[in-house]
Protein chains: 2
Amino acid sequence: MANEKKAVSAVTSMSEDFAQWYTDIVKKAELIEYSSVKGCMVIRPYGYAIWENMQRLLDGRFKALGVENVYMPMFIPESLLNKEKDHVEGFAPEVAWVTHGGNDKLEERLCVRPTSETLFCEHYANIIHSYRDLPKLYNQWVSVVRWEKTTRPFLRSREFLWQEGHTIHETAEEAEAFTEKMLETYAEFCETELAMPVVKGKKTDSDKFAGAVSTYAIEALMHDGKALQAGTSHYFGDGFAKAFGITYTDKNNSVKIPYQTSWGVTTRLIGAIIMTHGDDNGLVLPPAVAPVQVVIVPVAQHKEGVLEKAHELYDTLNAAGIRVKLDDSENSPGWKYAEYEMRGVPVRIEIGPRDIEENHCVAVLRHNRKKEFIALDNLVDGVKTCLAEVHDGMFESALKRQEERTYACTSLDEINETLAKNGDGFVKAMWCGDEACEDKVKELTGVGSRCIPFEQETLSDKCVCCGKPAKCMVMWGKAY
Amino acid sequence: MANEKKAVSAVTSMSEDFAQWYTDIVKKAELIEYSSVKGCMVIRPYGYAIWENMQRLLDGRFKALGVENVYMPMFIPESLLNKEKDHVEGFAPEVAWVTHGGNDKLEERLCVRPTSETLFCEHYANIIHSYRDLPKLYNQWVSVVRWEKTTRPFLRSREFLWQEGHTIHETAEEAEAFTEKMLETYAEFCETELAMPVVKGKKTDSDKFAGAVSTYAIEALMHDGKALQAGTSHYFGDGFAKAFGITYTDKNNSVKIPYQTSWGVTTRLIGAIIMTHGDDNGLVLPPAVAPVQVVIVPVAQHKEGVLEKAHELYDTLNAAGIRVKLDDSENSPGWKYAEYEMRGVPVRIEIGPRDIEENHCVAVLRHNRKKEFIALDNLVDGVKTCLAEVHDGMFESALKRQEERTYACTSLDEINETLAKNGDGFVKAMWCGDEACEDKVKELTGVGSRCIPFEQETLSDKCVCCGKPAKCMVMWGKAY
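Note that the coordinates shown come from a computational prediction; the quantities given were computed from them, not determined experimentally. (Residues numbered from 1 in each chain as written. Chains lettered and ligands numbered in written order. Predicted model: local features only at pLDDT ≥ 70, side-chain atom pairs only at ≥ 80, totals over all residues. Heavy atoms only, no water.)

### A word on the relation of the copies chain A and chain B
Argument step 1. At an RMSD of 0.0 Å, chain A and chain B line up after a rotation of 180° and a shift of 0.0 Å along the axis. Those values place the two copies in the arrangement expected of a two-fold rotation axis. It is Val 98 of chain A whose C-alpha, among those of chain A, lies nearest the rotation axis, at 2.1 Å.
Argument step 2. With an isologous cut-off of 70% or more, the 100% of interface residues of chain A that recur at the interface of chain B puts this contact in the isologous class. (Least-squares fit on C-alpha atoms with pLDDT ≥ 70 in both. Contact = heavy atoms within 4.5 Å.)

This is the structure we're talking about:
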């Protein structure tokens, strides 16, 4: 057809070159475009709409827990960043520094926030006086900057979008419980909305957030067997409060120090979706966050009644609150099929003259390409069932892959042999708790500690590395 | 009461010191807190919730017009900012410059976006090729930075939150129509949601946005008689497109240059709400954007049945989608009345033993303190009627004030006398179109040109300044 856009060009196959496959998808599904600042990307409408859906779903969960949104300045004076020793050591090497305002040199350099603990602490010191002011459960949706050397869209960029929650509590117990509650919230969100199974656990000391007492994380396994940290929740104890002079008067009128947490997820989750669910035809989006949940493609649309019927289906689904798109452009059905597969639309509805005669339409599920007939009298329920089927199918196959690629090992040799034979994946192995062993496992096998899973198993009583008594089971893996 | 917080301290009276009244309100209603970076503020939960409500309502309007949200990087390389001559001259003197990433000096300075025309243009040059790619109707919700010398919360700050829409079209006519449509959208939003009457008009050339062909604005009159520019919409012609090399191939296969617009509103609108509606008891919030639309205050809450009934009212209103808060704290009703008046909650519901007996509650409207009984059997409708009454009453009194303080003048002496007698306000006067006269009016009367209103009148056929033939009527005023 003269007017038809050129056919969707195929993406590199996943098995051929996983990194190139990933880059092809982010570009060809029009999620991002590069900008002239290295490591900073333009998030295009289709990519941003995924993020907006995530925001809406997460923000609802946060608010249900009593969290309130705020906005902190994007600049942190150097002296403020310096207040907590571990924190500044962790972040100072990778911040962007503002030195001039207009033509004037600033008296003090300002960094563009890499994270906002210091600002929240300064604010809490101003507004918290009594136990009546506690807890404060604050969150903000902003962008942050970390001057990374190597960058990849969504996975590691110099600027990225995230939410950062910062809470402050009367007691350590309450703060610790909140830290774990937020990790649970993230895990539940990933599984329920993103169809992405995750392993919940605690980070080893070497992997803690700069300034935290303990860091918890959810780890997901990508298609190539590498792990991706999908969200973190930190318990700070009273370290930041002490450094920033935050105190409160308790019910008995004595001055106390409060306890803090912070927790965040980022646009990295979009990368996680791509690498968990995508295939050689493109993106596969979980229905809960797909900008378009259903695309209607009319077949033989020049024939009488086809477009009318397609519009009717559109109106019905739209009225039912389903995010639906009707493509009645001049492009061929084949072109449209490829285009919306590339974009990962969960359900495609085909409707042509014969379908109309038989009072049904054809639904094609993106994740397994299964075809189903839906009676037009039952359209909304039929489509909802398809969307649920897509979600469940995506979750199950991701979980199955994760289980198949999680290996229990009791020696370094076994780790090396297993990975050589089966490819990358999660490795479960016992650990004595010694950082030297953690480093040595990584050096000799290539897999680092991802987390100490909440669900512990006893694979042996000895450390996989040194053979001394084991303290816990660690989940190891190569990481994004 | 031993447990009662100290009484809400009164704000400075508006007539005594308007600037101090404003500052008292932003602080005491807990909208903002200062941070350690001059000119950058912390937007607290109550202030941020107002912004979230505005975002939701505006974003819905944008999306209904086909606008899509995106995210552009926050950094602009110096060379990119320099591409459009007028634009860089307008903004370069007031941008914050990033010169270092971590410990390394950058090869090229990056400015923190003061506005993102240059980034959108660079992106459009990458993605627009054919007439099929047009129009693009993009918007983003972000913060921007302008290194102002004098700052005031919401009104003028070094960092502020806004949305910036950037559209690109095949023809000048289409772009111009879209520019005006967005101004209409803003005006309609201000009047319908913020109860704030605005004057729509075109800026004079001296007041145009840096790089625009024409700038349109909505202007609102504050309580002190000063004008506040509440939103702007710019038509760019093809100037940016030429500077950034954006072209497209039209239906006849010839290469054409597209036409652009941009438009924005900011957190300044919160300042506009404060100064349009506030009074000596504090904030007065329009129901559409009030974080809490209705506060329930139990009276004699220790008496049997009162708290139960108060919770019942809460549940009923909450289920009806009204943003309602029940304050059952130990503070006295009087303290609560003052507190929620300070916070500008549109409707207060009082419920005590006698009310329960008589099967009604008392509603007190914030803007005029009028008391009404609402039958409990008619609670939801009664409260909705009150909220509508508050909105309408707020709009009418703001409009009345604006009309009373808009003065038609035909000579500079008359302007001076009128303002001396009546205080600041809008001045309508004829203008010849000469920039020298515009400057002279400001110099000799203190009022500058706010806009050339769409609704023109002929007050005389002569310029108020030079006496030569007048081209149009200008709305003059002192401005925030």
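### Notes on the sheet that holds strand S5 (residues 96-101) of chain A
Argument step 1. Strands sit in the order S4(A)-S6(A)-S5(A)-S5(B)-S6(B)-S4(B) across an open sheet of 6 strands; the sheet is antiparallel. The sheet is open, and its two edges are formed by strand S4 (75-77) of chain A together with strand S4 (75-77) of chain B, each paired on a single side. Along the sheet, successive strands turn relative to each other by an average axial angle of 45°, direction set aside.
Argument step 2. Summarising the sheet, S4 of chain A and strand S6 (residues 104-112) of chain A pair through 3 bridges and their orientation is antiparallel. Residue pairing across strands places Pro 77 of chain A opposite Leu 110 of chain A, the latter belonging to S6 of chain A. (Pairing = 2+ DSSP bridges. Helix = DSSP H or I, 4+ residues; strand = E, 2+ residues; numbered from the N terminus. Axes fitted to C-alpha atoms, helices over the stretch in contact; angles between N-to-C directions.)

### Regarding the sheet that holds strand S7 (residues 136-145) of chain A
All names here are of chain A.
Argument step 1. Taken together, 11 strands build an open sheet; the order of strands is S3-S7-S8-S14-S11-S10-S9-S22-S23-S21-S20 and the sheet is mixed. This sheet does not close on itself; its edge strands, each paired only once, are strand S3 (68-69) and strand S20 (406-408).
Argument step 2. Pairing of S7 with strand S8 (residues 159-169) involves 10 bridges; the strand directions are antiparallel. Bridge pairing in S8 links Val 144 to Phe 160.
Argument step 3. Packing against the sheet, helix H8 (residues 268-277) makes contact with strand S10 (214-221), strand S11 (227-237) and strand S14 (259-266), and its axis sits at approximately 145° to S11.

### As for the nonpolar core
Argument step 1. Leu 31 and Phe 75 of chain A together with Leu 31 and Phe 75 of chain B are the most contacted members of the largest nonpolar core, which totals 156 residues.
Argument step 2. Setting aside residues up to four positions removed in sequence, Leu 31 of chain A forms contacts with Val 26, Val 42, Ile 43, Arg 44, Tyr 46, Gly 47, Ile 50, Phe 154, Ile 270, Ile 274 and Leu 283 of chain A. (Core = buried A, V, L, I, M, F, W, Y, C linked by side-chain atoms within 4.5 Å. Buried < 20%, exposed > 50% of the residue type's maximum accessible area, 1.4 Å probe, protein only.)

### Details of the pattern of salt bridges
Argument step 1. Overall, the coordinates contain 58 salt bridges over all chains when judged by the stated rule.
Argument step 2. For Arg 61 of chain A, the salt bridge is made with Glu 188 of chain A, and the minimal N-O distance between the two is 2.8 Å. Of this pair, Arg 61 of chain A sits in helix H2 (residues 45-64) while Glu 188 of chain A sits in helix H6 (residues 172-192), and the two are 127 residues apart along the sequence.
Argument step 3. Exposure remark for Arg 61 of chain A: the relative accessible area of 17% places this residue in the buried category.
Argument step 4. According to the relative accessible area criterion, Glu 188 of chain A is partly exposed, its value standing at 36%.
Argument step 5. Lys 200 of chain B is the salt-bridge partner of Glu 184 of chain B, the closest N and O atoms lying 3.2 Å from each other. Taken together, the residues span a long stretch of sequence, with Glu 184 of chain B in helix H6 (residues 172-192) and Lys 200 of chain B in strand S9 (residues 199-202) at a distance of 16 residues. (Salt bridge = Lys/Arg side-chain N within 4 Å of Asp/Glu carboxyl O.)

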